[in-house]
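Structure assessment
Here are the chains, one letter per residue:
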Amino acid sequence: MGKLSHKSGTEGPNWDPYSFDELNLVKSDGTNVVMHMGLIESVKVNGKEIHSGEGTDKVIEEITGMYFDKWMKIHYKLNEPPNRCPHCNGKHFEFHSGYVGESMQVCSDCNKIVWCEEVTESMIR
Ligand SMILES: [Zn+2]
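Right, let's walk through the structure included here.

Here is what the cut-offs are and how they apply
- Residues numbered from 1 in each chain as written.
- Predicted model: local features only at pLDDT ≥ 70, side-chain atom pairs only at ≥ 80, totals over all residues.
- Helix = DSSP H or I, 4+ residues; strand = E, 2+ residues; numbered from the N terminus.
- Buried ≥ 20, exposed ≤ 12 C-beta atoms within 10 Å, placed from the backbone.
- Contact = placed C-beta atoms within 7 Å.
- Arc of directions from axis to C-beta.
- Pairing = 2+ DSSP bridges.
- Core = buried A, V, L, I, M, F, W, Y, C linked by C-beta atoms within 7 Å.

Points about the overall build of the protein chain
A count of helical and extended segments in the protein chain gives 3 helices and 8 strands. Across the protein chain, helices and strands are ordered from the amino to the carboxyl terminus as β-β-β-β-β-α-α-β-β-β-α. Sorting the 125 residues of the protein chain into buried and exposed places 10% on the buried side. Taking as baseline every contact in the protein chain between residues at least 6 positions apart, the subset at least 24 positions apart corresponds to 23%.

The following block contains the structure:
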């Protein structure tokens, strides 16, 4: 089993940004696999896009031998609210809740968003 890391951010035009999440797995043989989940889902291997659109889960399973569900579990675990603001290291947060998937935690010191709730299937159903 390799090393797994997570990154999130926004993509798309400035007036209509769309948040994305990326899971990056470096396999024990050095192969770098990136699963991009945003406006479009895509899979990159060693920096080369090998797949985009539907069926990402199957591709991930083929390449990594790891079930997509397992990736998602790790993904959500990595997405728990932080104890410290990653921007200014502050400890005071305000919690804003909205529609499902739009709850967010904002740093009271620098007013930056430090955490956003993820939409999971169980919330929509
Ligand atoms: Zn802050």
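As for helix α1 (residues 56–64)
Among all positions in α1, only Val59, Ile60 and Thr64 are buried. Buried residues along α1 cover an arc of 105° about the axis, so they all sit on one side. Exposed residues on α1 whose side chains face more than 90 degrees from its buried face are Lys58 and Glu62. Where α1 ends, the next residue or the one after it, Gly65, has phi of about 70°, a positive value.

Some details on the pairing of strand β3 (residues 32–37)
As paired elements, strand β2 (residues 18–26) and β3 share 6 bridges and run antiparallel to each other. Bridge pairing links Leu23 to Met35 in β3. Between β2 and the antiparallel strand that follows it, β3, lie 5 residues; Gly30 among them carries a positive phi value of about 95°. Bridge count for β3 against strand β4 (residues 41–45) is 5 bridges, and the pairing is antiparallel. Bridging across to β4, Val34 finds its partner in Lys44. The hairpin turn running from β3 into β4, its antiparallel successor, is 3 residues long.

Section: the nonpolar core
Here is a general trend for soluble globular proteins: nonpolar side chains tend to be buried in one another's company. If you look at the biggest cluster of nonpolar residues, it comprises 7 residues: Leu23, Leu25, Val33, Met35, Val43, Val59 and Ile60. At the level of secondary structure, the elements contributing two or more residues to this core comprise β2, β3 and α1.

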